[in-house]
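Survey of secondary and tertiary structure
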Amino acid sequence: MPKKAAPKKAETVEKVKMEPLQSPRGMHDVLPEQHAYFTVIKKVVRHRARQAGFRRITTPVLEDKSLFVRGIGEGTDIVDKEMYNVVTQSGTQLVMRPEGTAGVCRAYIQNGMKQMPKPVELYYIESFFRHDRPQFGRERQLNQFGFEVLGEQDPAIDAQLIFLANNIFKDLKIGHRLRLEINTIGDAEDRRKYEDALRDFYTGKERSLPAELRHLIEKNPLRLLDQKDEDAQILAGLAPKFEQFISPEAREYHEKVLELLQALDVEFVSNPKLVRGLDYYNRTVFEFVDDDLGLSLGGGGRYDGLIELLGGEPTPAFGFAGGMDRSVLAMKREKLLAPEKDTVDVFVAQLGWEPKKIAIKMLAELRDRGVHAMGAIGKSSMKAQLEKADRFDALYALILGEVEVREGKAIIRDMHAGKQEIVPIEKAVEKVIKKLDPALIDRYDPSEDLEKDERVDPADELKIAD
Ligand code: HAM
């Protein structure tokens, strides 16, 4: 029998260096520099939304799978390939929302919003999730700003929202880069007739299509028209045209939308091939295209049948969503710099325990009075603390050494000029604030926003919790 090796007295545990974890493919951190751009976009969106009477809505990240299967449609890439499925512990099938419109319509029905004065105008700024192949400008977690106008069918609704979207891109100083493409795809009945005509056309020509597209002939023949594949494009060029199937009413409606856009001085081009990748649309569809980036920065259209399809009463609607991530790409191509307002303006440096107690109170006062301030941390030397202040690009350092504190003094150091001045401790905060550009003072008084009001009923929350 082989002898057992004697156990080692003390096992030396080798520390294994862990591989750092990565975010999931196609999902990116929105770092502070990127947030500076997002902040501008959100400001512009909120401003334009408020001007036009929109109110904000947030729907859940997870929804019932059937909402999107019914709403966006089988045969669309989003539903067939791109949804993130979530199965709960009890086996319920949910999906992470790939877009915002279907969720807003579900919320409209569920919350009885049909009682509200029409049109009901809602907007959102949210993340969405699509499991597509990541590439430049295509994220798996993407950020959109979106607008939905529910309850009216009027060319003026379409024109007003397209105008609003156009204004947002102008405000972001990227409007001149974009081409607004617009089309009408008629009503549901027109579409059915056209789809039948397409099926007739493609039947017998299956072999000329790539194998992975053939199922679309039955499922969603419209999708065959905007494929990248060359053979599919050649066939699409020969296929019957949508224009021939648009009803006179839908055509007249479209003419009116275009006329109103002209009245609003919105430049556009008609693109009869534009059908968009979601099935809920009818009549007006539009997209803002950035040729330089090779991306669409926003798109939308009318969806008069969706709310009924989701179990609500027939309710015409129109909407638009813009891509935030792609807008930032365009803003950067334009060399636009978003302001970094999250600066540190005053750094409080201290040595010793007693000075630290004073420093922490000074910091609190500075912050309360609207100064972006940090410090009063660590035990490092004054030199090291001032180096830190420099690395944070602070404008001033408030220095509390043990000697100064004993003498009731503090030092204010102008970090850029390298000059300093000794001041009485109790005047230090006041003095440093005086030195700062008033534009840097960042005060917010929440009591201006929150007031007691008898109309607030705590039971409302209970109803929501039910
Ligand atoms: P969508 O065209 O799928 O429409 O998306 C709108 C915009 O979101 C796109 O134009 C693009 O800028 C951005 N976007 C979409 N997918 C990605 C991605 N993978 N990565 C980065 N950005 C992306 C909708 O979602 C409809 N719900 C719009 C709508 C609202 N229609 C009516 N109401």
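This report concerns the structure included in the present document. Just so it is clear, the structure is predicted and the values come from calculations on it, not from any experiment. (Residues numbered from 1 in each chain as written. Predicted model: local features only at pLDDT ≥ 70, side-chain atom pairs only at ≥ 80, totals over all residues. Heavy atoms only, no water.)

When helices and strands are tallied, the protein chain shows 16 helices and 16 strands. Since a compact globule built from 466 residues should have a radius of gyration of about 23 Å, the 30 Å found for the protein chain marks it as more spread out than a globular shape. Projected onto its principal axes, the C-alpha positions of the protein chain cover 95 × 90 × 50 Å. Intrachain contacts of the protein chain at a sequence separation of at least 6 include 69% that bridge at least 24 residues. When the accessible surface of the protein chain is split by element, carbon and sulfur atoms take 52% of a total near 27,100 Å². (Helix = DSSP H or I, 4+ residues; strand = E, 2+ residues; numbered from the N terminus. Rg over C-alpha atoms; globule rule 2.2 N^0.38 Å. Contact = heavy atoms within 4.5 Å. Areas by Shrake-Rupley, 256 points an atom, 1.4 Å probe, with all protein chains shown as cover.)

The full count for this structure, using the stated rule, is 29 salt bridges. We note a salt bridge from Glu-313 to Lys-114, for which the minimum N-O separation is 2.9 Å. Residue Glu-313 is located in the loop between α10 (306-309) and β11 (317-323), and its partner Lys-114 is located in the loop between α4 (101-110) and β5 (120-129); the two are separated by 199 residues in the primary sequence. With a relative accessible area of 49%, Glu-313 lands in the partly exposed category. (Salt bridge = Lys/Arg side-chain N within 4 Å of Asp/Glu carboxyl O. Buried < 20%, exposed > 50% of the residue type's maximum accessible area, 1.4 Å probe, protein only.)

Turning our attention to the packing of aromatic side chains. A complete count under the given rule lists 17 aromatic pairs for this structure. When the ring of Phe-201 is compared with that of Tyr-202, the centres are 5.0 Å apart and the planes differ by 80°; the resulting orientation is edge-to-face. As far as burial versus exposure is concerned, Phe-201 and Tyr-202 are alike and both buried. Measuring from ring centre to ring centre gives 4.7 Å for Tyr-280 and Tyr-281, while their planes differ by 70°; the resulting arrangement is edge-to-face. In this structure, Tyr-280 and Tyr-281 share a single accessibility class: buried. What links up through ring pairs into an aromatic cluster is the set Phe-145, Phe-169, Phe-286, Phe-288, Phe-318 and Phe-320. Over the ring of Phe-128 we find Arg-97, and its NZ or CZ is 4.9 Å from the ring centre. (Phe/Tyr/Trp six-rings, centres within 6.5 Å; stacked < 30°, edge-to-face > 60°. Lys NZ or Arg CZ within 6 Å of the ring centre and 35° of its normal.)

The next thing to look at is the pairing of strand β10 (residues 295-302). Among the 8 residues that make up β10, 7 are buried, leaving the element largely enclosed by the rest of the structure. Looking at chain direction, strand β9 (residues 282-290) and β10 are connected through 7 bridges and run antiparallel. If you follow Phe-286 over to β10, its bridge partner there is Gly-300. Here β9 folds back onto β10, and the loop between the two strands holds 4 residues, one of which, Gly-294, carries a positive phi near 70°. Summarising the sheet, β10 and β11 pair through 5 bridges and their orientation is antiparallel. In the sheet register, Gly-298 faces β11, and the bridge partner there is Gly-322. (Pairing = 2+ DSSP bridges.)

So, about the site of the ligand. The immediate surroundings of the ligand are formed by 25 residues, with Glu-99, Arg-130, Glu-139, Glu-148 and Tyr-281 found nearest. Here an oxygen atom of the ligand and a side-chain polar atom of Gln-144 are 3.0 Å apart. A distance of 3.0 Å separates a nitrogen atom of the ligand from a polar atom in the side chain of Tyr-280. A total of 650 Å² of accessible area belongs to the ligand in isolation, and the protein chains cover 95% of it. Among the elements of the structure, β6 (141-150), β10 and β11 are those that each provide at least two residues to the shell around the ligand. In terms of residue count, the dominant contributor to the shell around the ligand is β10 (5 residues). Residue composition of the shell around the ligand, by class: 9 nonpolar, 9 polar and 7 charged. (Near = heavy atom within 4 Å. Polar contact = N/O pair within 3.5 Å; in protein donor to acceptor, adjacent residues only side chain to side chain. Nonpolar A, V, L, I, M, F, W, Y, C, P; charged D, E, K, R; others polar.)

In terms of nonpolar packing, the biggest core is built from 51 residues, with Leu-150, Tyr-202 and Leu-225 touching the most fellow members. Looking at this core element by element, the count peaks at 5 residues for α4. Non-local contacts of Tyr-202, meaning those with residues more than four positions away in its chain, are made with Leu-209, Ile-217, Leu-224, Leu-225, Leu-235, Ala-236 and Ala-239. Counting residues in each nonpolar core, the second largest holds 43 residues, with Ala-49, Leu-161, Ile-168 and Phe-286 among its members. (Core = buried A, V, L, I, M, F, W, Y, C linked by side-chain atoms within 4.5 Å.)

Attention shifts here to the sheet that holds strand β13 (residues 373-375). The sheet built from 5 strands is open, its strands ordered β13-β12-β14-β15-β16 with mixed pairing. Of all the strands in the sheet, just β13 and β16 (419-424) have a single pairing partner and so form its edges. The average angle at which neighbouring strand axes cross in this sheet is 25°, direction not considered. Sheet analysis places strand β12 (residues 346-350) next to strand β14 (residues 396-400), joined by 5 bridges and oriented parallel. Within β14, the residue paired with Gln-350 across the bridge is Leu-400. Across the face of the sheet, helix α12 (residues 353-368) comes into contact with β12, β13 and β14 while running at roughly 170° to β12. The sheet contacts of helix α13 (residues 382-391) involve β12, β14 and β15 (409-414), and relative to β12 the element is tilted by about 170°. (Axes fitted to C-alpha atoms, helices over the stretch in contact; angles between N-to-C directions.)

Our focus in this paragraph is the environment of Asp-190. With respect to the helices, strands and loops of the structure, Asp-190 is situated in helix α6 (residues 188-202). Sequence separation between Asp-190 and Glu-243 is 53 residues, and the spatial gap between their C-alpha atoms is 9.7 Å. For Asp-190, the residues in contact, after removing those within four places along its chain, are Phe-242, Phe-245, Ile-246, Ser-247 and Ala-250.

The next thing to look at is unusual backbone geometry. Residues Lys-118 and Pro-119 are joined by a peptide bond in cis, for which omega reads 5°. Looking at where Pro-119 falls in the secondary structure, it is placed in the loop between α4 and β5. A positive phi is found at Asp-393, a non-glycine position, where the angle reads about 60°. Of note, Asp-393 is situated in the loop between α13 and β14.

Moving on: the pairing of strand β7 (residues 178-184). Within β7, 6 of the 7 residues are buried, which leaves it mostly tucked inside the rest of the structure. The sheet contact formed by β7 and β9 spans 7 bridges and is antiparallel. Across the sheet, Arg-179 pairs through a bridge with Val-289, a residue of β9. Pairing of β7 with strand β8 (residues 269-270), which is carried by 2 bridges, proceeds in the parallel orientation. Considered in β8, the bridge of Glu-181 is made with Val-269.

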